[in-house]
Amino acid sequence: MSESSFQEDVLGELGPDGLTEIAGLLGTDAAGARETVATTVGAMTGGLQEKAGAGDAEGDEVREALAEVAEPPLKGAATLGGGLLASGLMAGVLAKVSKPVAAAVSKKTGVPVATVSRVIELLIPVLLAVFAKRAAAGQGAPGRGGGDGTAAPGATPAAGGGLGDLLGQILGGGKK
């Protein structure tokens, strides 16, 4: 998986102001904030991949959220409701993985769990924006998403390697 480019996309979307805000929360400089964000994003995407590969209800929820994020944007009046629904599903999934991620990042970095949790709260909207941009950029791109570069609406992402393609489209790699 091209985790580093995903992390770079998140850092780019976060921008200097967001990075400065996170540095302030952490009591560090921009380099320390970048490192913590990279560690956190890596743990979040790893957690998503792990959960998406599970054959339980939680795995189904993650795959559904990923599939909705990967669907082509709606046109017209339906755009608002559809976009909010997909973001809401993925935001819920990210919130669920945030607690174990905060604990893991805290253990690795020495930053208190509460502080890492606050950083994750700031990162969730940024992650949603990057997921949406990556999914939109993958539409019609050869070798990304489904056979034609799109995920069929309502298709089960786990079918026929679809999960790997879907994760590759959104996260930049195809590992299950």
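Please refer to the structure placed before this passage.
First, a word on what this report is: a plain description of the structure on this page. Values in this document were obtained by computation on a predicted structure and should not be read as measured data.

### Some thoughts on the overall build of the protein chain
Okay, so step 1: Scanning the protein chain from terminus to terminus reveals six helices and zero strands.
Okay, so step 2: Listing each helix as α and each strand as β along the protein chain from the N terminus yields α-α-α-α-α-α.
Okay, so step 3: In the protein chain, the proportion of contacts linking residues at least 24 apart, taken out of those at least 6 apart, comes to 67%.
Okay, so step 4: Surface accessibility of the protein chain: about 8400 Å² in total, with carbon and sulfur atoms responsible for 57%.

### Remarks on helix 5 (residues 113-138)
Okay, so step 1: An ideal rise of 1.5 Å per residue puts 38 Å on 26 residues; helix 5 measures up with 35 Å between its terminal C-alpha atoms.
Okay, so step 2: Remark: the principal bend of helix 5, roughly 35°, maps to Leu 123, with a proline, Pro 125, within the next four residues.

### Some remarks on the pattern of salt bridges
Okay, so step 1: Taken as a whole and judged by the stated rule, the model has six salt bridges.
Okay, so step 2: Across the pair Asp 60 and Arg 63 runs a salt bridge whose closest N-O atoms are separated by 2.2 Å. In this pair, Asp 60 and Arg 63 are both assigned in helix 3 (residues 57-70), three residues apart and thus about one turn of the helix distant.
Okay, so step 3: The salt bridge involving Lys 96 is made with Glu 61; its shortest N-O contact spans 2.7 Å. Highlighted residues: Lys 96 in helix 4 (residues 79-109) and Glu 61 in helix 3, separated in sequence by 35 residues.
Okay, so step 4: The class for Lys 96 is partly exposed, based on a relative accessible area of 46%.
Okay, so step 5: Classification of Glu 61 by relative accessible area gives partly exposed; the value is 27%.

### Focus on the packing of helix 2 (residues 30-53) against helix 3
Okay, so step 1: One way to put it is that helix 2 packs onto helix 3 with a least axis distance of 7 Å and a crossing angle of 115°. With respect to the hand of their crossing, helix 2 and helix 3 are arranged in left-handed fashion. Together, Leu 48, Lys 51, Ala 52 and Gly 53 of helix 2 and Glu 58, Gly 59, Val 62, Arg 63 and Leu 66 of helix 3 make up the contact between the two elements.
Okay, so step 2: Here the residues of the contact of helix 2 with helix 3 are counted per class, giving four nonpolar, two polar and three charged.

### Some remarks on the packing of aromatic side chains
Okay, so step 1: One pass over the structure, following the stated rule, counts one aromatic pair.
Okay, so step 2: Residues Phe 6 and Phe 131 carry aromatic rings whose centres are separated by 5.5 Å and whose planes lie at 25° to one another, so their mutual orientation is stacked. Taken as a pair, Phe 6 in helix 1 (residues 3-26) and Phe 131 in helix 5 lie far apart in primary sequence, 125 residues in all.
Okay, so step 3: For Phe 6, a relative accessible area of 0% puts it in the buried group.
Okay, so step 4: Residue Phe 131 is classed as buried on the basis of its relative accessible area, which comes to 1%.

Definitions and cut-offs
Residues numbered from 1 in each chain as written. Predicted model: local features only at pLDDT ≥ 70, side-chain atom pairs only at ≥ 80, totals over all residues. Heavy atoms only, no water. Helix = DSSP H or I, 4+ residues; strand = E, 2+ residues; numbered from the N terminus. Contact = heavy atoms within 4.5 Å. Areas by Shrake-Rupley, 256 points an atom, 1.4 Å probe, with all protein chains shown as cover. Expected span 1.5 Å × (residues − 1). Bend = angle between axes of the 7 residues up to and from the residue. Salt bridge = Lys/Arg side-chain N within 4 Å of Asp/Glu carboxyl O. Buried < 20%, exposed > 50% of the residue type's maximum accessible area, 1.4 Å probe, protein only. Axes fitted to C-alpha atoms, helices over the stretch in contact; angles between N-to-C directions. Left-handed = near helix turned anticlockwise from the far one by under 90°. Nonpolar A, V, L, I, M, F, W, Y, C, P; charged D, E, K, R; others polar. Phe/Tyr/Trp six-rings, centres within 6.5 Å; stacked < 30°, edge-to-face > 60°.

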